[in-house]
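Survey of secondary and tertiary structure
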Amino acid sequence: MEEVPHDCPGADSAQAGRGTSCQGCPNQRLCASGAGATPDPAIEEIKEKMKTVKHKILVLSGKGGVGKSTFSAHLAHGLAEDENTQIALLDIDICGPSIPKIMGLEGEQVHQSGSGWSPVYVEDNLGVMSVGFLLSSPDDAVIWRGPKKNGMIKQFLRDVDWGEVDYLIVDTPPGTSDEHLSVVQYLAAARIDGAVIITTPQKESQIFPPTTGGAELMCQDLEVPLLGRVPLDPLIGKNCDKGQSFFIDAPDSPATLAYRSIIQRDKPRVSGVVTSQERASPSQTRSPGTGGAAP
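Residues take numbers from 1 onward in each chain, read along the sequence in its written order. Restriction of local features to residues with pLDDT of at least 70 applies here, the model being predicted, together with a cutoff of 80 or more for giving and counting side-chain atom pairs; totals for whole chains, interfaces and linings are based on all residues. Side-chain numbers come from the whole structure's heavy atoms, not from hydrogens or water.

In this section: the nonpolar core. Here, the term nonpolar core denotes a set of buried Ala, Val, Leu, Ile, Met, Phe, Trp, Tyr and Cys residues that are joined through side-chain atoms within 4.5 Å. Accessible area is worked out with a 1.4 Å probe on protein chains only. A residue is then buried under 20% of its type maximum, exposed over 50%, and partly exposed in between. Core analysis: the largest hydrophobic core is formed by 65 residues, its most contacted members being M50, F71, L90, M129, F156, L157 and W162. The helix and strand labels rest on DSSP assignments: H or I over at least four residues marks a helix, E over at least two residues marks a strand, and numbering proceeds from the N terminus. No other element matches helix α3 (residues 68-80), which puts 6 residues into this core. Not counting the four nearest positions on each side in its chain, L157 is found in contact with I46, K49, M50, L90, V183, Y186 and L187. Here, residues are in contact when the closest pair of their heavy atoms is within 4.5 Å.

What follows is the structure in structure tokens.
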């Protein structure tokens, strides 16, 4: 399909090709005919590709700056500490790919093989893929509309040679937009095991206010588990800037212990909510319940 208008109702909508925003769209006739709503053949291709991936986990957040990519990276590092576990980290934050920097892979390039794109490896059992590897410079801006972003995500899921993987961790951009809709649609047939939602503890959006229990109340209202609380530690940001695992630099930090508790307890359920907090001792980290959604 050609470029779609900003307020497109969607090819599978009852208003497809008939809505006010459809007037003048080059795809109007196609959508009105119903042909635009036919399933994307890539969904079945991705299902076949994902047969070698045991668990697929999305990492999400309602807003930016809450530590989503930081958590994704350290979830990957933590799981990869078991040398017998194969981890893949996929960055679908197309316009703001921070995973290459956090993982110490800035400047790396994707290589093509007969079986597809090859991930960039941090360790033998930890592979990473990001649009950042396709840019000539980390300072390059990615200014793409939805359809082009969707096409990139499709390529990542269908054309990357992940091999046999125990956990595929998908780091998404903030909010709920094209990238989230695309990855859920493309992985629908392959089955997503769970999601982790990253949030901050306060009920109102402020900078370091007294904790009001906003995250815990949200979990109670939505009946999803609060997997844990990660204390704020300046060393986490410093290590991410250096492209190093925080776990190695501060193995006894309350934040490290919180991360490890979340990772170990979440393995069977791979979904829930993680929140940050100003201070915490190791005893304050908890991961109750089963099932749920994630930050």
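Looking now at the side chain of K56. Tracing the backbone shows K56 in strand β1 (residues 53-61). Although buried, K56 forms no salt bridge, and the nearest oppositely charged side chain, D193, lies 4.3 Å from it. Polar contacts involving the side chain of K56 include one to the main-chain carbonyl oxygen of V53, which spans 3.3 Å. Excluding residues within four positions of it along the chain, K56 makes contact with M50, L168, L187, A190, R191, I192, D193 and G194. Only four residue types enter the tally: Lys and Arg on the positive side, Asp and Glu on the negative side, with His and both chain ends excluded. In the sections that follow, a salt bridge refers to a side-chain nitrogen of Lys or Arg positioned within 4 Å of a carboxyl oxygen of Asp or Glu. Two N or O atoms form a polar contact when they lie within 3.5 Å of each other; inside protein one atom must be a possible hydrogen donor and the other a possible acceptor, and for residues adjacent in sequence the pair counts only when both atoms belong to side chains.

Here 6 bridges tie β1 to strand β7 (residues 165-171), and the two strands are oriented parallel to one another. Residue pairing for β7: V59 is matched across the bridge by D171. Pairs of strands are assigned from DSSP output, requiring at least two bridges between the strands. The pairing of β1 with strand β8 (residues 194-199) spans 5 bridges and is classified as parallel. Directly across from S61, in β8, lies its bridge partner I198.

The next thing to look at is the packing of helix α5 (residues 146-159) against helix α6 (residues 178-186). Note on method: axes are straight lines fitted to C-alpha atoms, helices fitted across the in-contact stretch only, with angles between N-to-C directions ranging 0 to 180 degrees. Running from amino to carboxyl end, α5 crosses α6 at an angle of 40°, the nearest separation of the two axes being 9 Å. It follows that α5 is oblique to α6 by the angle criterion. In the packing of α5 onto α6, the handedness of the crossing is right-handed. Contact residues: α5 offers G146, K149, N150, I153, K154 and L157, while α6 offers D178, E179, S182, V183 and Y186. Amino acids outside the nonpolar list (Ala, Val, Leu, Ile, Met, Phe, Trp, Tyr, Cys, Pro) and the charged list (Asp, Glu, Lys, Arg) are all regarded as polar, and Gly is one of them. Residue classes in the contact of α5 with α6 are distributed as 4 nonpolar, 3 polar and 4 charged. Throughout, the term roughly parallel applies to angles under 35 degrees, roughly antiparallel to angles over 145, roughly perpendicular to angles from 65 to 115, and oblique to all others. With the far helix as reference, a near helix turned anticlockwise by less than a right angle produces a left-handed crossing, and one turned clockwise produces a right-handed crossing.

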